[in-house]
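Observations on the model geometry
Listed below, chain by chain, are the residues.
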Amino acid sequence: MNALFDNLRQLVQSAAESGVLPGSLAYGFVVNALLAGLIIGPVLGGLGTLVVVKRFAFFSEAVGHAALTGVAIGILLGEPYTGPYGSLFSYCLIFGILLNFLSNRTRLTPDTLIGVFLSVSLALGASLLLVLSGRINIHILENVLFGSVLTVNSNDLSVLTCVALLALALALPNYNRLMLASFNPQLAAVRGVPVKAMDYLFVILVTLVTVASVKVIGAILVGALLVIPAAAARMLAQSLKGFFAMSVLFAMISTLAGIMLPIELELPVPSGAAIILVAGILFAISALARSLVPGLKGNAA
Amino acid sequence: MSGPVAAHSAGALGPTLTFDRIGLTLGRTDILSDVGFTVAAGSVHALVGPNGGGKSSLVKTLLGQMPHRGKLSVVWPGERPGIIGYIPQALEFDRGLPMTVNDFMAAMCQRKPAFLGLSRARAAEITHALERVGMQDKRNRRMGALSGGERQRVLLAQGLVPSPALVVLDEPMSALDEAGVRVFEELLDGWRAQRVTVLWIEHDLEAVGRLADRVTGLNRQVLCDGPPAQVLTPDRLLALFSTRPRVASLTEERAA
């Protein structure tokens, strides 16, 4: 798959050199960053609709933060600090699955349990990173926390593509069932939906997509892109079709603008922060539109 | 309408349900003890009783959601189990969700993601179900913008797709207005004509008396069971809805 991305990149670069595309695309890392944005935008936006429907926003934030600890463990185990995917995926999957398992077993509400997991995981991550601080350049932390498009390579793009395809293959055939399980578990069970399995599936989906996006958006903010575009779309849409389409669109605009604007304007802003700021602006516009346009306001929330 | 049980079973589309000494304990509370009664195939069977009397728990047990004691058998007329239509009391969802009635029906009845629209295989059935409950003109309205009665009608509609052989209703009339009650009565007539088995939890005793073939009074145990005319008498109802049911006297009466 790496070869595919290499060819694609060369194609875009030569188009940029000949003036067909903007000049900044002549740089390989800019093309890589854009490709990454094009892959994660729709996946985060689409999955975000389910995050909003199922009220999983806090969970997706927590998994993003768990990624920080995953990176620390990866560096400790000797994985390359530019992409410690083994530890990242394993730690975050354990985090998500254990959380879901315990919320089935204990009678704690999910938000309480997430609060516990989030803080313990962050404490572990912070401790590990400080232990490691002698061994690595501490500026790497900045990349982990807030994302760095400059370091996205073909390897990262392959991981992103695989995760995106896997997420699509799992989420689309189960989209209705995932929703139904949260509307009324009993009705879902009568209709043959394996409710518990759907809970686990959703936790795994959110974890995979979140972790794959950490490189571009960063551990602190990655959860936000699962929430903000879908939240903005929820305010404007009148049907599920519009909700899904707008959420995907908003996530695409956010990732692409967030990656390109700092490069074009030569601003020293980390990509993750820029992406979330664009998403935040879209959210603000949606909120404003909702309160100003009578057609949107009329449909009571 | 409330003919003998044997006549009902012949040629029915729905199953016979037998609850045999069903017991259910949650923590240290006995929710149900020694519950036994039979729902005849193709009959409309009402379940009445006070709140906390275990009606919903019994339905959960029937739908396989509760570990329980005793034996519960569902005997279908055919080789394979038929389709169960379940109409819950309420749905947990965000009222502001941009989900239309169509979207909701699609999410309930098909695998194709609801945001891509109705699947071809189900579209006609869904339209027909919405027509039967009188919601076809409001199918593009948001679920959250519907009144309680309208939402209840949509819940009834989802129970019609795919066409069920056993219908389990959890207080379907509580949110319905008068027109909605008429819609519900028509559905009930339709199920009766098709010989579908209906188990129906209801608070409205007048409706039960008018529409059910048989009634079971449940308050942690079966306090009465029979045709509405026999069960819905002032004495029995007083016992059923009392906080401390006069179990002893009733048990004796049943034994006699």
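Residues numbered from 1 in each chain as written. Chains lettered and ligands numbered in written order. Predicted model: local features only at pLDDT ≥ 70, side-chain atom pairs only at ≥ 80, totals over all residues. Heavy atoms only, no water.

**Concerning the pairing of strand E6 (residues 166-170) of chain B**
Residue and element names in this part refer to chain B. Taken across its five residues, E6 has five buried, putting it largely inside the fold. By the alternation rule, side chains of E6 split into Leu166, Val168 and Asp170 and Val167 and Leu169, which are all buried. For strand E5 (residues 84-87) and E6, the ladder comprises four bridges, and the chain directions are parallel. Within E6, the position partnered with Ile87 by the bridge is Leu169. Where E6 and strand E7 (residues 197-201) come together, five bridges link them in parallel fashion. When the bridges of E7 are listed, Val168 appears paired with Leu199. (Buried < 20%, exposed > 50% of the residue type's maximum accessible area, 1.4 Å probe, protein only. Helix = DSSP H or I, 4+ residues; strand = E, 2+ residues; numbered from the N terminus. Pairing = 2+ DSSP bridges.)

**Examining the packing of helix H1 (residues 2-17) of chain A against helix H2 (residues 28-53) of chain A**
All names here are of chain A. Where H1 contacts H2, the axes come no closer than 10 Å and their chain directions differ by 115 degrees. Our pair here, H1 against H2, has a crossing hand that is right-handed. Touching Phe5, Leu8, Arg9, Val12 and Gln13 of H1 are Gly28, Val31, Asn32, Leu35 and Ile39, all from H2. (Axes fitted to C-alpha atoms, helices over the stretch in contact; angles between N-to-C directions. Left-handed = near helix turned anticlockwise from the far one by under 90°. Contact = heavy atoms within 4.5 Å.)

**Observations regarding the sheet that holds strand E4 (residues 69-75) of chain B**
Residue and element names in this part refer to chain B. One open sheet accounts for three strands, arranged E2-E1-E4; its pairing is antiparallel. Looking at which strands have only one partner, the edges of the open sheet turn out to be strand E2 (29-39) and E4. Strand-to-strand twist across the sheet, computed as the mean angle between neighbouring axes with direction ignored, equals 15 degrees. Across seven bridges, strand E1 (residues 16-26) lies against E2 in antiparallel orientation. If you follow Leu26 over to E2, its bridge partner there is Thr29. The strands touched by helix H2 (residues 55-62) are E1, E2 and E4; relative to E1, the strand with the most contacts, the crossing angle is about 115 degrees.

**Structural notes on the sheet that holds E7(B)**
Residues and elements named next belong to chain B. With mixed pairing, six strands are arranged side by side in an open sheet as E5-E6-E7-E3-E8-E9. Taken across any chain shown, the strands that pair with only one partner, and hence form the sheet edges, are E5 and strand E9 (222-226). Each adjacent strand pair in this sheet contributes to an overall mean axis angle of 10 degrees, direction not counted. Each of E5 and E6 touches helix H5 (residues 148-158); the most contacted strand, E5, lies at about 170 degrees to it. In the packing of helix H9 (residues 234-241) onto the sheet, the strands contacted are strand E3 (44-48), strand E8 (214-218) and E9, and the crossing angle to E9 comes to about 145 degrees.

**Considerations on empty space enclosed by the protein**
Residues and elements named next belong to chain A. Considering all chains together, one arrives at one cavity of 30 Å³ or more under this definition. One number sums up the size of the largest cavity: a volume of about 40 Å³. Taken together, Ile39, Ile40, Val43, Leu160, Val163, Ala164, Val209, Ala212 and Ser213 form the lining of the largest cavity. The set of elements that each furnish at least two residues to the lining of the largest cavity consists of H2, helix H7 (154-183) and helix H9 (195-217). (1 Å grid on protein atoms, 1.4 Å probe; cavity = no way out; pocket = protein on both sides within 12 Å on 5 of 7 lines; lining within 4 Å. Points joined across faces, edges and corners; volume = space filled by probe spheres on them.)

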